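# Residue-level structure breakdown
Okay, here's what each chain looks like letter by letter:
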Amino acid sequence: MGIKQSMAGGGARLLSILLLIAAIPCTVAVLMAVARVSMVGSVGTALIFLMDEMDDLLLAAFFLWSGVAVCRYAACVLQSKAALYAQNKDEEAKLEPTE
């Protein structure tokens, strides 16, 4: 059971890395669009443009970063459970008498 949790934790960590690779360019694109519009107009104009024209990209960035956070948390929990399970197995092995 511990090895399955460890493998699942590794898979979740890999998925979080892949989501991070997708989230960074998406965030950079949003920031570049806001910077470009705010150079011409005000910050309010940039926010209105962002919410009106770039809503799909903004939503994608939000869900990608949320996915990164959830996958990192899941990976941490699964790997911690696997380490705890392995530690308990080692303690049980020490307590059992050997012949």
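## Observations concerning the packing of aromatic side chains
Going through the model one piece at a time under the given rule, you end up with 1 aromatic pair. For the ring pair Phe-62 and Phe-63, a centre distance of 5.4 Å and an interplane angle of 65° mean the geometry is edge-to-face.

## Description of a negative patch on the surface
Taken together, Asp-52, Glu-53, Asp-55 and Asp-56 make up a surface patch of like negative charges. Residue assignment for the negative patch shows that the elements contributing at least two residues are helix H2 (43-53) and helix H3 (55-95). Structurally, the position occupied by Asp-55 is in helix H3.

## Things to note about a nonpolar patch on the surface
On the surface, Leu-14, Ile-17, Leu-18 and Ile-21 cluster together into a nonpolar patch covering about 380 Å² of accessible area. Structurally, the position occupied by Ile-17 is in helix H1 (residues 2-40). Judged by relative accessible area, which is 36%, Ile-17 ranks as partly exposed.

## Points about the side chain of Ser-16
For Ser-16, the location among the structural elements is in helix H1. From its side chain, Ser-16 meets the backbone oxygen of Arg-13 in a polar contact 2.7 Å long. Ignoring anything within four residues of it in the chain, the contact list for Ser-16 reads Val-68, Cys-71 and Arg-72.

## Observations concerning the confidence of the model for the protein chain
The pLDDT averaged across the protein chain works out to 85; a share of 93% of its residues lies at or above 70. Mean pLDDT across the elements of the protein chain bottoms out in H2 (83) and peaks in H1 (88).

## A short note on the environment of Cys-71
By the secondary structure assignment, Cys-71 is in helix H3. Looking at Cys-71, the relative accessible area reads 12%, which means it is buried. C-alpha separation for the pair Cys-71 and Ala-23, spaced 48 residues apart in sequence, amounts to 13 Å. Discounting residues that sit within four places of it in the chain, Cys-71 has contacts with Ala-12, Leu-15, Ser-16 and Leu-19.

Quick notes on the rules
- Here the residue numbering is sequential within each chain, running from 1 through the sequence in written order.
- In keeping with the model being predicted, local features are shown solely for residues with a pLDDT of at least 70 and side-chain atom pairs are shown and tallied solely at 80 or more, while totals for entire chains, interfaces and linings include all residues.
- Computation of side-chain values: all heavy atoms of the structure, hydrogens and water removed.
- Aromatic rings from Phe, Tyr and Trp, with only the six-membered ring used for Trp, were paired whenever their centres fell within 6.5 Å, and each pair was classed as stacked if the ring planes differed by under 30 degrees, edge-to-face if by over 60, and tilted otherwise.
- Note on patches: the residues involved have over 30% relative accessible area and no salt bridge, like charges join within 9 Å, and the nonpolar side chains Val, Leu, Ile, Met, Phe, Trp and Tyr join within 5 Å.
- For the area figures, the Shrake-Rupley method with a 1.4 Å probe applies, and any residue is considered shielded solely by the protein chains shown.
- The working definition used for a salt bridge is a side-chain nitrogen of Lys or Arg within 4 Å of a carboxyl oxygen of Asp or Glu.
- Neither His nor the chain termini are counted; the positive set is Lys and Arg, and the negative set is Asp and Glu.
- A charged residue contributes its charge at one atom only: NZ of Lys, CZ of Arg, CG of Asp or CD of Glu.
- Secondary structure elements follow DSSP: runs of H or I no shorter than four residues count as helices, runs of E no shorter than two count as strands, and numbering proceeds from the N terminus.
- In this scheme, a residue with accessible area under 20% of its type's maximum is buried, one over 50% is exposed, and one in between is partly exposed, where area comes from a 1.4 Å probe on protein chains only.
- Under this definition, polar contacts are N or O atom pairs within 3.5 Å; protein pairs additionally need one hydrogen-donor-capable and one acceptor-capable atom, and for neighbouring residues in sequence, both atoms have to be side-chain atoms.
- Here, two residues are considered to be in contact whenever any of their heavy atoms come within 4.5 Å of each other.
- As a per-residue measure, pLDDT reflects the predictor's confidence and takes values from 0 up to 100.

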